[in-house]
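# Survey of secondary and tertiary structure
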Amino acid sequence: MARNVDHKLILQCVSFFSVIALATVAHAGVREQAKVMHDRLVGTTPSEAVLLSMAADLEAGDYMQAAYTAMADEDFLRVTLKNWVTPWTNRDQDVFQPLNDYTATVIGVVRDELDFRQILYSDIIYIADPALGLAAYSNGNNTQYQQLEDQGVALSTGLVQRQQSSVTGLPATATAGVMTTRAAAKAFFIAGTNRAMFRFTMLNHLCRDMEQVQDTSRSPDRIRQDVSRSPGGDSRVFLNNCVGCHNGMDPMAQAFAYYDYIYDANSDPDGVNGAISYNTTGQLDAATGLRVKAKYHINSANFPYGFITPDDQWDNYWRSGPNANLGWDGGLSGSGDGAKSMGQELAHSQAFAQCQVEKVFTTVCLREPGDAADRTHITNTTTSFTSNYNLKQVFAETANYCKGP
């Protein structure tokens, strides 16, 4: 009898310790998932308290709260988001650039969980909290943002939202989110023909470069005079190549006709201390006699019969043809005046929404979307994103997807 009792006790002990072991393994699994999630969102090792809190939330099935706990870490804003945004602010797509009004504004919009579409058309900017005593915002330099970064100011509290028009002096109707920040102007309105602003906005916010939206079937009637119709003496190059980008880009880039970036090319050849310039109503350009900036009429001898830009009225020729698949908003007209309405046209497209989700995926998962499961995640997350355009939730959903089994 005693031997039988001992046997039962042994079985009970084995069973008990097996349960404990399984529970320990399960707990270790969610701890590891929590650590991976934190690493991907923040890039630093979490404290034991944060790790336990995230693990408990994951064990309870609340991945959103776990992700938000991780994103409460200052490095989510200062490192992850800054590195995510910075390549959009310069032509070289270099991540090693200082904080500026473009990056700060995107960081602020994500932090405050605002409608992310606002970054392309709202009268919004994020600046340093005046209570910090830093240099005032300047249209002519980046000193304030450099000080924010150099002094390690917490962006969770150090950035405050303002109306861009009240800070920069641009008319409210001329503000278009990050496109009309000083940093964007320095990168994309400087010299040239302002096509760079449109091209890099498409690349950064719709994930499409010009070659990917090329369509030779659209009308070439709005292509400017500076584009030769016979490059190298061969008209076929224009008809089979150049026209496919310019016929859609030029009518859209016309929205920037009143903008420029002004700097002293002799003393400041890189335009470090330049400022955005905008011709208001009645302010005529000496070279054109119009409100339109002179850069829109340069190299007119290349093709004198080309389009002469009279104003900032834009049209989206890509609403028809193959680029209709970018998912333009049927509630918008597809035409308008100025950068604000054109930015809204881009931001309200399905391509804009999917682009943000894809970029978050690459940042959080450390790879490009690949297989069918990834594509399903992108589709589902894009659908979720378009319900409120809260990009912070996209980071949370993607971190949950890539945290591992």
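Residues numbered from 1 in each chain as written. Predicted model: local features only at pLDDT ≥ 70, side-chain atom pairs only at ≥ 80, totals over all residues. Heavy atoms only, no water.

Looking now at the overall build of the chain. Secondary structure assignment for the chain yields 15 helices and six strands. Projected onto its principal axes, the C-alpha coordinates of the chain cover approximately 110 × 55 × 35 Å. Taking all 405 residues of the chain together, 50% fall into the buried category. Summed over its atoms, the accessible surface of the chain is roughly 17700 Å², and 53% of this surface lies on carbon and sulfur atoms. In the chain, which carries 31 positive and 43 negative side-chain charges, the distance between the mean positions of the two groups comes to 3 Å. (Helix = DSSP H or I, 4+ residues; strand = E, 2+ residues; numbered from the N terminus. Buried < 20%, exposed > 50% of the residue type's maximum accessible area, 1.4 Å probe, protein only. Areas by Shrake-Rupley, 256 points an atom, 1.4 Å probe, with all protein chains shown as cover. Lys, Arg positive; Asp, Glu negative; His and termini not counted. Charge placed at Lys NZ, Arg CZ, Asp CG, Glu CD.)

With 16 residues, helix 13 (residues 350-365) extends 22 Å between its outermost C-alpha atoms, agreeing within 8% with the 22 Å of an ideal straight helix rising 1.5 Å per residue. Leu-366 lies just past helix 13 and shows a positive phi near 65°. (Expected span 1.5 Å × (residues − 1).)

A few words now on the environment of Thr-281. Along the chain, Thr-281 falls in the loop between strand 4 (275-278) and strand 5 (313-315). The sequence separation of Thr-281 and Tyr-258 amounts to 23 residues, and the corresponding C-alpha distance is 9.8 Å. Among the polar contacts made by the side chain of Thr-281, one reaches the side chain of Arg-291 at a distance of 3.5 Å. (Polar contact = N/O pair within 3.5 Å; in protein donor to acceptor, adjacent residues only side chain to side chain.)

Here we take up the nonpolar core. Side chains of a nonpolar character, in soluble globular proteins, are inclined to be buried together. Core analysis: the biggest nonpolar cluster contains 102 residues, and Leu-41, Trp-84, Val-106, Phe-116, Phe-198, Phe-256 and Phe-395 have the highest contact counts within it. For this core, the element with the highest residue contribution is helix 13, accounting for eight residues. Leave out the neighbours within four places in its chain, and Val-106 touches Trp-84, Val-85, Trp-88, Phe-116, Ile-119 and Val-178. (Core = buried A, V, L, I, M, F, W, Y, C linked by side-chain atoms within 4.5 Å. Contact = heavy atoms within 4.5 Å.)

Okay, the environment of Arg-40 next. Position of Arg-40 relative to the elements: it lies in helix 1 (residues 2-42). Distance in space between the C-alpha atoms of Arg-40 and Ser-165 is 36 Å, their sequence separation being 125 residues. Look past the residues within four positions of Arg-40 in its chain and what remains in contact with it is Val-364, Cys-365, Leu-366 and Cys-402. At a separation of 3.2 Å, a polar atom in the side chain of Arg-40 contacts the main-chain carbonyl oxygen of Val-364.

So, about the state of the cysteines. On inspection of all chains with the given rule, the structure shows two disulfides. In this model, Cys-207 is linked to Cys-355 through a disulfide, with the two sulfur atoms separated by 2.0 Å. Handedness here is read from the sign of the S-S torsion; for Cys-207 and Cys-355, about 75°, the answer is right-handed. Of this pair, Cys-207 sits in the loop between helix 10 (195-205) and helix 11 (235-253) while Cys-355 sits in helix 13, placing them 148 residues apart in sequence. You can call Cys-207 partly exposed: its relative accessible area is 23%. The disulfide partner of Cys-365 is Cys-402, and the S-S distance across this bridge is 1.7 Å. (Disulfide = S-S within 2.5 Å.)

Before going further, it helps to spend a moment on the packing of helix 14 (residues 372-385) against helix 15 (residues 391-401). Put simply, helix 14 and helix 15 touch, their axes get as near as 10 Å, and they point 155° apart. Relative to helix 15, helix 14 is oriented roughly antiparallel. Considering only the axes of helix 14 and helix 15, their crossing is right-handed. In this structure, helix 14 contributes Ala-373, Asp-374, His-377, Thr-381, Ser-384 and Phe-385 to the contact, and helix 15 contributes Leu-391, Val-394, Glu-397, Thr-398 and Tyr-401. Tallied by class, residues from the contact of helix 14 with helix 15 come to five nonpolar, four polar and two charged. (Axes fitted to C-alpha atoms, helices over the stretch in contact; angles between N-to-C directions. Parallel < 35°, antiparallel > 145°, perpendicular 65-115°, else oblique. Left-handed = near helix turned anticlockwise from the far one by under 90°. Nonpolar A, V, L, I, M, F, W, Y, C, P; charged D, E, K, R; others polar.)

Looking now at the side chain of Arg-291. Note that Arg-291 resides in the loop between strand 4 and strand 5. Buried and unpaired, Arg-291 has Asp-312 as its nearest opposite-charge partner, separated by 5.8 Å. Within polar-contact distance, the side chain of Arg-291 engages the side chain of Tyr-278 at 3.0 Å. In contact with Arg-291, not counting residues within four places along its chain, are Ala-257, Tyr-258, Tyr-278, Asn-279, Thr-280, Thr-281, Gln-283 and Leu-284. (Salt bridge = Lys/Arg side-chain N within 4 Å of Asp/Glu carboxyl O.)

Moving on to the pattern of salt bridges. This model, assessed by the stated rule, comprises 15 salt bridges. The residue Asp-234 makes a salt bridge to Arg-236 at a minimum N-O spacing of 3.0 Å. On the accessibility criterion, Asp-234 (23% relative accessible area) is partly exposed.

On to helix 12 (residues 338-347), then. In terms of burial, helix 12 is a largely internal element, seven of the ten residues being buried. Summarising the contacts, the buried residues of helix 12 are in contact with helix 10, helix 11, strand 3 (259-262), strand 5, strand 6 (335-337) and helix 13.

Here we take up the side chain of Asp-215. Residue position: Asp-215 is located in the loop between helix 10 and helix 11. The class for Asp-215 is buried, based on a relative accessible area of 6%. Looking at Asp-215, its side chain comes within polar contact range of the side chain of Ser-217, at 2.5 Å. In terms of polar contacts, Asp-215 uses its side chain to reach the side chain of Arg-218, at 2.9 Å. Each residue touching Asp-215, except ones within four places of it in the same chain, is listed here: Val-243, Gly-244, Asn-247, Ser-320, Gly-321, Pro-322 and Asn-323.

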